[in-house]
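# Breakdown of the fold
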Amino acid sequence: MTDVHIRSAVQTLPAYVPGARSQGEGIAKLSSNELPYPPQEGVLAALSDAAAGVNRYPEMTGGALVEAIARRHSVTPAQVVVGNGSVALIQHVLDTVCDEGDDVVLPWRSFEAYPICIAVAGARAVKVPLTADGRHDLPALIDAVTPRTRALLACTPNNPTGPALTAAELAALLEGVPERVLVVVDEAYLDFVTDPEVGDALTLLEEHPNLLVSRTFSKAHALAGMRVGYLVGEPGIISAIRSVATPFGVNLPAQAAAIAALDPEALAETARRAVAVAAERDRVLAGLREQGWQVPDAQGNFYWLAVGEQTTALAEHLRAHGILSRPFAGEGVRVSVGTPAENDRVLAATAAWRDR
């Protein structure tokens, strides 16, 4: 034991539980919402070339990458900040806007890093339950905002339940929240969306300066191991976030890989892969529903099996069939979309579960 003071907020932090890692051959790792394809050849080449220069520091704020992202989304570089994955950036956001004792409103269940980031920032998480079908309860989220609220988080598609906010819902959320409250819309899984009603938060930036959009290279771009995320928002907010962000927060090979991933040919292949993953997702959902499962709408590269107290048992059942999933104790199991063969194994395992 030590007598060194540890903040009580840190001592009581909920643990971030990563997806289970494969420890043998023949195991389908469907626990972390990773793309089931390797990095594209051009991206891998750029990463490898950059690795030869890692005796030098990267660009401190990722200037070349920021410019490439700005071109991609038709915004100015002053509206973009990059960081070591979207989790680090969300932490920087909350550190920027929250004082001790402030409130942050969020849907729950949602991305498990949110309450951790909120507590580290010294703020209080105001959790608003999802609807019965796993969607954000927009009226309740808006009603939860008080004079103490500094930020509101929204995850669309929502991890781990799957539904996404429609364009009308996004607009209603931003209209309903006071302009003094920062609205952070986390769109990590937007590339996999197939529902034409789903909104793109970037289209609302011009009319809502309190909007901040989070994106990542970890999912559709197949760069989870490189840890590159970015935020797009109003220049003043972005400048403030950049001032608290970790210097050199995106390493040299990661910057090179992300820039290569924004090449037009690479983007076309990323889009093709996302379509293939979404098609597999929809095939699995149809199969699950045919078996009798009640599955929420899924717009990401994962789906949600809300089995409550049977969560641990189902996760162990899947593991026994060589499938690693992500259980949330007492609530449900999230399963990522894998290769067609891996997805077939899931359907066989879930059928066996139903037939017990």
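Residues numbered from 1 in each chain as written. Predicted model: local features only at pLDDT ≥ 70, side-chain atom pairs only at ≥ 80, totals over all residues. Heavy atoms only, no water.

So, on to the overall build of the protein. When its secondary structure is counted, the protein shows 12 helices and 12 strands. Against the globule reference of 21 Å for 356 residues, the protein gives a C-alpha radius of gyration of 20 Å, in line with a compact fold. Taken along the three principal axes of its C-alpha coordinates, the protein extends 55 × 55 × 50 Å. Counting all 356 residues of the protein, 53% fall into the buried class. (Helix = DSSP H or I, 4+ residues; strand = E, 2+ residues; numbered from the N terminus. Rg over C-alpha atoms; globule rule 2.2 N^0.38 Å. Buried < 20%, exposed > 50% of the residue type's maximum accessible area, 1.4 Å probe, protein only.)

It is worth spelling out the packing of aromatic side chains at this point. Two numbers describe a pair of aromatic rings. These are the distance of the centres and the angle of the planes. By the definition in use, this model includes 5 aromatic pairs. Ring geometry for Phe 217 versus Tyr 230: centroids 5.6 Å apart, planes at 50°, classification tilted. A residue pair is termed long-range when its members are at least 10 positions apart, and Phe 217 in the loop between strand E7 (211–216) and strand E8 (229–233) and Tyr 230 in strand E8 qualify at 13 residues. Relative to Phe 328, the ring of Trp 304 has its centre 5.7 Å away and its plane inclined at 65°; by these criteria the two rings are edge-to-face. Of this pair, Trp 304 sits in strand E9 (residues 302–305) while Phe 328 sits in strand E11 (residues 326–328), and the two are 24 residues apart along the sequence. Given a relative accessible area of 5%, Phe 328 falls into the buried group. The cationic tip of Arg 354 hangs over the ring face of Trp 293; the distance from NZ or CZ to the ring centre is 5.1 Å. (Phe/Tyr/Trp six-rings, centres within 6.5 Å; stacked < 30°, edge-to-face > 60°. Lys NZ or Arg CZ within 6 Å of the ring centre and 35° of its normal.)

Right, let's get into the sheet that holds E9. With antiparallel pairing, the 3 strands of this open sheet are ordered in space as E9-E12-E11. Strand pairing shows two members of the sheet lacking a second neighbour, E9 and E11, which therefore form its edges. Each strand of the sheet is rotated relative to its neighbour by a mean of 20°, with strand direction disregarded. Along the sheet face, helix H11 (residues 311–320) touches E9, E11 and strand E12 (332–336) and points at about 30° away from the line of E12. (Pairing = 2+ DSSP bridges. Axes fitted to C-alpha atoms, helices over the stretch in contact; angles between N-to-C directions. Contact = heavy atoms within 4.5 Å.)

It is at 10 Å that the axes of H11 and helix H12 (residues 340–354) come closest, and there the two elements cross at 130°. Taken together, the axes of H11 and H12 lie oblique to each other. Note on packing geometry: the crossing formed by H11 with H12 is right-handed. Across from Ala 313, Leu 314, His 317 and Leu 318 in H11, the residues of H12 making contact are Ala 349, Thr 350, Ala 352 and Trp 353. (Parallel < 35°, antiparallel > 145°, perpendicular 65-115°, else oblique. Left-handed = near helix turned anticlockwise from the far one by under 90°.)

What follows deals with the pairing of strand E2 (residues 80–83). Residues Val 80 and Val 82 line one face of E2 and the alternating positions Val 81 and Gly 83 line the opposite face, and both faces are buried. Here 4 bridges tie E2 to E8, and the two strands are oriented antiparallel to one another. Bridging across to E8, Val 81 finds its partner in Leu 231.

Attention now goes to the domain arrangement of the protein. Per the domain assignment, the segments making up the protein are domain 1 (8–30 + 265–355) and domain 2 (42–262). The gap between the C-alpha centroids of domain 1 and domain 2 is 23 Å. Buried surface at the junction of domain 1 and domain 2, both sides included, amounts to about 2400 Å², of which 63% is carbon and sulfur. Summed over the shared surface of domain 1 and domain 2, the result is 2 salt bridges. Between Glu 331 and Arg 109 there is a salt bridge whose closest N-O contact spans 2.6 Å. On the surface where domain 1 and domain 2 come into contact, there are 9 residue pairs in polar contact (both at pLDDT 80 or more). (Domains from an automatic or database assignment. Buried area = accessible area lost by both parts, 1.4 Å probe. Salt bridge = Lys/Arg side-chain N within 4 Å of Asp/Glu carboxyl O. Polar contact = N/O pair within 3.5 Å; in protein donor to acceptor, adjacent residues only side chain to side chain.)

This part takes up the pairing of E12. The element E12 is largely enclosed, with a buried count of 5 among its 5 residues. Residue alternation in E12 divides its side chains into two sets, Gly 332, Arg 334 and Ser 336 and Val 333 and Val 335, and both sets are buried. Relative to E12, E9 runs antiparallel, the two sharing 4 bridges. Residue pairing in the sheet places Tyr 303 in a bridge with Val 335 of E12.

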